[in-house]
Amino acid sequence: MSLLIGSFFVFVVFFTSMLSGIFGMAGGLVLMWFLLLAFPAASAMAVHGAIQLTANGSRAWLSRRFIVWRTVAFMTLGVISAAGLLMLLGYSANAATVSLLIGLMPILVWMPKRWFHLNANRTSHALLCGMASGGLTIAAGVSGPLIDIFFVRSRMDRREVVATKAMIQVVAHSIKILFYLSAALALGAGDWGMVLLAAPLAILGTQVGTHVLHRLTDANFRTWTRWIVTGIGIFYFSQGAYLLSQ
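No experiment lies behind these values; they were computed from the predicted model shown. (Residues numbered from 1 in each chain as written. Predicted model: local features only at pLDDT ≥ 70, side-chain atom pairs only at ≥ 80, totals over all residues. Heavy atoms only, no water.)

### Focus: the side chain of Ser133
The line we're drawing: The helix count covers DSSP runs of H or I at least four residues long, the strand count covers runs of E at least two residues long, and both are numbered beginning at the N terminus. The contact criterion used throughout is that any non-hydrogen atoms of two residues lie within 4.5 Å.
Following the sequence through the fold, Ser133 ends up in helix H7 (residues 123–140). Apart from the residues lying within four places of it in its own chain, the contact partners of Ser133 are Ser143, Leu146 and Ile147.

Structure below.
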């Protein structure tokens, strides 16, 4: 990673962590785009996991009193199950597949809420959420919009939603790093040095975003999330289609 790209990487980490601190997602989507430009897909997954682990970990810590731990526990079982299945199938990430999967995610935020009878507070639904979101996190790097549909009928407010999602993503990204461990070990010391340099800015960006979150109403939170994720998704899908055509 050159000095110029590394400097831009540090800025992107701060901005995307702030975005995720506000909306609980979106930031990870933008960060993945940059990493796919800078690294091979599997290495991008590993670096993305390390940064998102830092950002989500700090967000979970800042909002720890709002985490619904029972839900997190059952989601964790689901994530582990999904990781085991993908490992048995011998899944390997590539830029085109990752881009198309992320590009399709906005469909989830526009589906009418009445279609879903999912509630993350229920044991079976939390387990299913962990399996689905964990699988998507490992396959595409991110899963925020998918996780959201399991919170539609939950009794959580926006702070509990963001805090609980942050904690389950700490688990998912940790497992993602292990899944792509060989690609992570193949990166140079300079690359990981830049990741370590960016880690404090991921925490700072999360803190800034968390302050903004507490100023938003629940209605504004959901509206802005929908449009931001849609714009990012359109870009990703176009990129994936282009890569497949090459």
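### Here we look at the environment of Thr217
You can see Thr217 is positioned in the loop between helix H11 (189–213) and helix H12 (218–245). The spatial distance from the C-alpha of Thr217 to the C-alpha of Arg158 is 8.6 Å, given a sequence separation of 59 residues.

### Here we look at the packing of aromatic side chains
Quick note on the threshold: Each pair of aromatic rings taken from Phe, Tyr and Trp, with Trp reduced to its six-membered ring, is defined by centres within 6.5 Å and is described as stacked if the planes are under 30 degrees apart, edge-to-face if over 60, and tilted in the remaining cases. When a residue's accessible area, from a 1.4 Å probe over protein chains only, is under 20% of the maximum for its type it is buried; when over 50% it is exposed; and in between it is partly exposed. We call a charge positioned above a ring when the Lys NZ or Arg CZ atom is no farther than 6 Å from the ring centre and deviates by at most 35 degrees from the ring normal.
Overall, the coordinates contain six aromatic pairs when judged by the stated rule. Ring geometry for Phe8 versus Phe34: centroids 5.4 Å apart, planes at 65 degrees, classification edge-to-face. Remark: Phe34 occurs in helix H2 (residues 27–38) and Phe8 occurs in helix H1 (residues 3–23); sequence separation between them is 26 residues. The exposure class of Phe8 is partly exposed, given its relative accessible area of 42%. A relative accessible area of 7% places Phe34 in the buried class. Seen from their ring centres, Phe9 and Phe34 are 6.0 Å apart, and the 20 degrees between their planes marks the pair as stacked. One end of the pair, Phe9, is in helix H1; the other, Phe34, is in helix H2, and 25 residues separate them in sequence. Taken together, the ring pairs connect Phe8, Phe9, Phe11 and Phe34 into an aromatic cluster. Lying across the ring of Trp61, Arg64 places its NZ or CZ 3.8 Å from the centre.

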